[in-house]
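Chain residues, written in single-letter form:
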Amino acid sequence: MPKTKFPPLAAGNWKMNGTLASLKETEKLMRMLDGKSPACDVMICPPFTLLFPMGEQLGDSIIAMGGEDCHWEPCGAHTGDIAAEMIAETGASACIVGHSERRADHGETDEIVSKKAAAAHRAGLTAIVCIGETIEEREAGRTLDVISTQLKGSVPDGSNAANTIIAYEPVWAIGTGHTPTTEQVAEVHAHIRKELAGIVGEEEAQGMRILYGGSVKPGNAAQLMAVENVNGALVGGASLKAEDFFGIIEAAYL
Ligand code: 13P
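Since the structure is predicted, the reported quantities are computational estimates derived from the model, not experimental observations.

Draft legend 1. Local environment of the site of the ligand. Around the ligand sit 13 residues, and of these Lys 15, His 99, Gly 175, Ser 215 and Gly 237 come closest. Measuring from an oxygen atom of the ligand, one finds a side-chain N or O atom of His 99 at 2.8 Å. Here Gly 237 contributes a backbone N or O atom positioned 2.8 Å from an oxygen atom of the ligand. Contact with the protein chains removes 97% of the 300 Å² of surface that the ligand exposes when unbound.

Draft legend 2. Just the sheet that holds strand β1 (residues 9-13), in detail. Spatially, the 8 strands close up into a barrel ordered β1-β2-β3-β4-β5-β6-β7-β8, and their pairing is parallel. Taken over all neighbouring pairs, the strand axes of this sheet differ in orientation by 25° on average, direction set aside. Of the pairings in the sheet, the one linking strand β7 (residues 210-213) to strand β8 (residues 232-235) comprises 2 bridges and is parallel in character. Residue pairing across strands places Gly 213 opposite Leu 234, the latter belonging to β8. Running over the sheet, helix α8 (residues 182-200) touches β5 (126-131), β6 (164-168) and β7 and is turned about 145° from β7.

Draft legend 3. Quick peek at the layout of surface pockets. A volume near 430 Å³ is recorded for the largest pocket. In terms of lining residues, the largest pocket is bounded by 15 residues, among which Met 16, Glu 68, Asp 69, Arg 102 and His 106 are the most central. The element contributing the most residues to the lining of the largest pocket is helix α4 (residues 100-105), with 3 residues. Looking at the lining of the largest pocket, its residues break down into 4 nonpolar, 4 polar and 7 charged.

Rules of the game
- Residues numbered from 1 in each chain as written.
- Predicted model: local features only at pLDDT ≥ 70, side-chain atom pairs only at ≥ 80, totals over all residues.
- Heavy atoms only, no water.
- Near = heavy atom within 4 Å.
- Polar contact = N/O pair within 3.5 Å; in protein donor to acceptor, adjacent residues only side chain to side chain.
- Areas by Shrake-Rupley, 256 points an atom, 1.4 Å probe, with all protein chains shown as cover.
- Pairing = 2+ DSSP bridges.
- Helix = DSSP H or I, 4+ residues; strand = E, 2+ residues; numbered from the N terminus.
- Axes fitted to C-alpha atoms, helices over the stretch in contact; angles between N-to-C directions.
- Contact = heavy atoms within 4.5 Å.
- 1 Å grid on protein atoms, 1.4 Å probe; cavity = no way out; pocket = protein on both sides within 12 Å on 5 of 7 lines; lining within 4 Å.
- Points joined across faces, edges and corners; volume = space filled by probe spheres on them.
- Nonpolar A, V, L, I, M, F, W, Y, C, P; charged D, E, K, R; others polar.

Pasting the structure below:
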């Protein structure tokens, strides 16, 4: 199994969930992780409104923080958008870009995702670039082609193992309770690693983390995280409650 340059990452994507009251979950997670040394990095990506208070709350704990999206420009007339530089100012160290919900809800193309990932890099953030096929694409036997196209279009020049993480999230596995088989995950992750070599070079491709996302739960985390070329998880629903997210970390990395 290629040894990536960095530990695996368990990242929670809170999506459009969470108010100030939800900070009690991060408080609880900090307590649960206190004195433990998981064999993974831990991160939470809350909605924009929680970045500042959560950043203060997390302080120098082992839990890192990321944004869920960013605009590609550093500032300007883009009502309602948030620049990567603004996210960096909150204490965040990463930003998700190209989540399938943004691709679907906001028409984000690979080109836009690539510009957003480059903006994250510009602001000193690690870009977590999401890719994944729909059920129609899988059933048509097009999964690997779709993944290749998304990777080539979404990973910008200047990407390397330190500033970029890939998240493979089959659209049909997100929020559905359905997960691919370990063979299907292994096939796609190996393909991603191979395709990355042509984009960022062999050495950076070997070092780059490739997360799996889509219905990761405490009960399936150990099995999914043990798959070759899986270097962590991007967790939606099960990251909202400290017990569940801790359960995933515990099952796979403690
Ligand atoms: P679920 O874990 O809720 O399936 O969501 C996965 C996801 O989209 C993470 O970005």
